[in-house]
Each structure stands twice: as structure tokens, then as C-alpha cells.
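# Understanding the architecture of this molecule
The residues making up each chain are set out below.
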Amino acid sequence: MKTIEGNLQIIKQRIADSCKQSGRHPNEVKLLLATKTVDTTSINYALELGETLIGENKVQELKEKGSMLKGNPEVHFIGHLQSNKIKDVLKYVHCIESIDRFSLAKKLQQRLEFENRHMDVYIQVNTSFEDSKFGVLPDKTLELIKAVSQLNRIHIKGLMTIGVLSAVSKEVRTCFKTLKDIQTKVNALQLPNVEMNELSMGMSGDLEIAIEEGATIIRVGTAIFGERMYPDSYYWNETL
Ligand SMILES: *Cc1c(COP(=O)(O)O)cnc(C)c1O
């Protein structure tokens, strides 16, 4: 547990340093704890230290941990979402960051109508063009946003992406620049029901680059909770 505390301090320092580097205020960047595979004791420890935002990838894990979390954290869904799991996800989350196709948004709208509620979402963009990553392709994003904006129960609040896993920082930066460009373009259109304020990008290995490129939410797992048992392909690849 002491490790989690120390790791959080290191992350906060990294956020502060890169904000300074890019002339931003640390308050502009929220830290989301990516808690896939992490047990509730560890998550609650981080929450007791003052963290307030967590993200889960799998419906099953939400079901197991969702009701055991302390202090009412804001919960985001950051994994690939299948239509038939929408109902379950809605029980636990405040925001779905992984809307990447209209069929999914339409099913979500139907369920929200049924439950008489609304939901914040981000549109997930595949900025790395890797098959293993979900998300709408950059040149199809505007079209998807326009379509989803017609669904009155769904409020689009931003964009999310997973940067390319590359040692070449230039390649990672290109992914984040792509997301920022889309945000700028969408904001210029002033679409009703679309508020493109949030850019969810950057993880343990590339958060500095993401912050420099305008991230408002970074999603950090390994650097806080340690290495996971499963490779990320288990979470990011539909065939597994
Ligand atoms: C696991 C995960 C993260 C966090 O990745 P780390 O490298 O462990 O920081 C961020 N975003 C998504 C969508 C994830 O699945």
C-alpha cells in the first residue's frame, strides 16, 4: 500500500513537471486510475488518499468491484463495450469513454430512454490505426459525432484515444495531435448537444507527451498499481 502512495506522488510530480513544461496549470489535468485487474482494497486505498476518478475495462470487474468502492468515486468505462452489456455498465458508471460506433450509441440511447436518464460519453478514436485498438478512424469521427449528437439522452463531452505503443515518441505524439485536431474542428462547428472539452489520452508510459498535446484526463494503471497479470491485448483485442 505504501507503494501505491509513493507511486501516486511520483505521478503527481510527473503531471506537475509536464504542465510546467507546456505552460499549463496542473488543475487542467485530471488523473483517472485505470483499475483493471486491481483489487478493491488497493483501489480503496488510493481513493482514501484523495483520488476521485477511476476507469474500468470490463463489465465483469465492474460488477465485482462497483458496489465495494468507497467515497463515491466518479467511474468511467474505458474498455470495449458490447451492446448487450450496456444495461450492466449503466448501473455503475458516470461516463462511457469508449463510444466508437453508431449502432452502440443507438442501443445506449434506447436503454437510457427506458431508464429515463442521461449519460455523458466520449468518442473513442483509433489514432494509431492499429487493428488491435478499438475506436472510430479519424476521418470517420466527425460523421459519427454528428450522428450521435442527434441522440438526446447522450451528451458528448470529449474524445478518448490510446496512443500507439511505440518507443518513438514522435509516433505517439502524432496520435495525440490527431485527437486534439479533431477536438478543434468539432468545437468550431458548435454542434448542439456536443461539448468537446475533455481529451482523455496518455497512460503510464506516455502521459508527458499527452499533457503537452492537451490532455485533460490521463489514464494511469501500471505506474500506480504495478504490472498486470494479463497483457493489454487481453483487454484491447476482441478476438481474445
Ligand atoms: C489499461 C489502460 C490504461 C492504463 O494503462 P497503463 O499503461 O497501465 O497506465 C489506460 N487506458 C486504457 C483504455 C486501458 O485499458
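Right, let's walk through the structure included here.

With that settled, consider the overall build of the protein chain. Looking only at helices and strands, one finds 10 helices and eight strands in the protein chain. Against the compact-globule benchmark of 18 Å for 240 residues, the protein chain has a radius of gyration of 17 Å, which places it among compact chains. Dimensions of the protein chain along its principal axes, counting C-alpha atoms only, are 45 × 40 × 35 Å. Long-range contacts, defined here as pairs at least 24 residues apart, represent 59% of the contacts in the protein chain between residues at least 6 apart. A total accessible area of about 11600 Å² is found for the protein chain, and carbon and sulfur atoms account for 49% of it.

In the vicinity of the ligand there are 13 residues, among which K36, N57, S204, T222 and R228 approach most closely. Within the backbone of G221, one N or O atom sits 2.9 Å away from an oxygen atom of the ligand. R228 has a polar side-chain atom sitting 2.7 Å from an oxygen atom of the ligand. When the ligand sits alone it has 390 Å² of accessible area, and the protein chains cover 96% of it. The residue inventory of the shell around the ligand, partitioned by class, reads six nonpolar, four polar and three charged.

For the rest of this paragraph, the subject is the side chain of D206. Among the secondary structure elements, D206 is positioned in the loop between β7 (194-200) and α8 (207-212). For D206, which is buried and forms no salt bridge, the nearest opposite charge comes from R14, at a distance of 7.2 Å. Excluding residues within four positions of it along the chain, D206 makes contact with V172 and F176.

If you check the backbone angles, N116 has positive phi at about 50° while not being a glycine. Positionally, N116 belongs in the loop between α5 (102-115) and β5 (119-124). The backbone of N193 sits at a positive phi, close to 70°, despite the residue not being glycine. Position of N193 relative to the elements: it lies in the loop between α7 (169-189) and β7. Classification of N193 as partly exposed rests on a relative accessible area of 27%.

Further remarks concern α7. Between its first and last C-alpha atoms α7 spans 31 Å; for 21 residues at 1.5 Å apiece the expected length is 30 Å, and the two agree. Looking at the packing, one finds that the buried side of α7 touches α6 (138-149), β6 (154-160), β7 and α8. At the exit of α7 stands Q190, carrying a positive phi of roughly 45°.

In this section: the pattern of salt bridges. What the rule picks out here adds up to 16 salt bridges. Here E115 and R111 are joined by a salt bridge, their closest N and O atoms 2.8 Å apart. Taken together, the residues span about one helical turn, with E115 and R111 both in helix α5 at a distance of four residues. Looking at E115, the relative accessible area reads 27%, which means it is partly exposed.

Okay, the pairing of β5 next. Among the six residues in β5, five count as buried, and that is most of the element. Both strand β4 (residues 95-99) and β5 contribute to a ladder of three bridges, which runs parallel. Looking at β5, one finds that I96 is bridged to V121. Chirality of the crossover, the property in question, places the unit of β4, α5 and β5 among those that are right-handed. Across six bridges, β5 lies against β6 in parallel orientation. When the bridges of β6 are listed, Q124 appears paired with M160.

Rules and cut-offs
- Residues numbered from 1 in each chain as written.
- Predicted model: local features only at pLDDT ≥ 70, side-chain atom pairs only at ≥ 80, totals over all residues.
- Heavy atoms only, no water.
- Helix = DSSP H or I, 4+ residues; strand = E, 2+ residues; numbered from the N terminus.
- Rg over C-alpha atoms; globule rule 2.2 N^0.38 Å.
- Contact = heavy atoms within 4.5 Å.
- Areas by Shrake-Rupley, 256 points an atom, 1.4 Å probe, with all protein chains shown as cover.
- Near = heavy atom within 4 Å.
- Polar contact = N/O pair within 3.5 Å; in protein donor to acceptor, adjacent residues only side chain to side chain.
- Nonpolar A, V, L, I, M, F, W, Y, C, P; charged D, E, K, R; others polar.
- Buried < 20%, exposed > 50% of the residue type's maximum accessible area, 1.4 Å probe, protein only.
- Lys, Arg positive; Asp, Glu negative; His and termini not counted.
- Salt bridge = Lys/Arg side-chain N within 4 Å of Asp/Glu carboxyl O.
- Expected span 1.5 Å × (residues − 1).
- Pairing = 2+ DSSP bridges.
- Right-handed = clockwise from strand over helix to strand, strands pointing away.

Remember, this is a structural readout, not a statement about activity or role.
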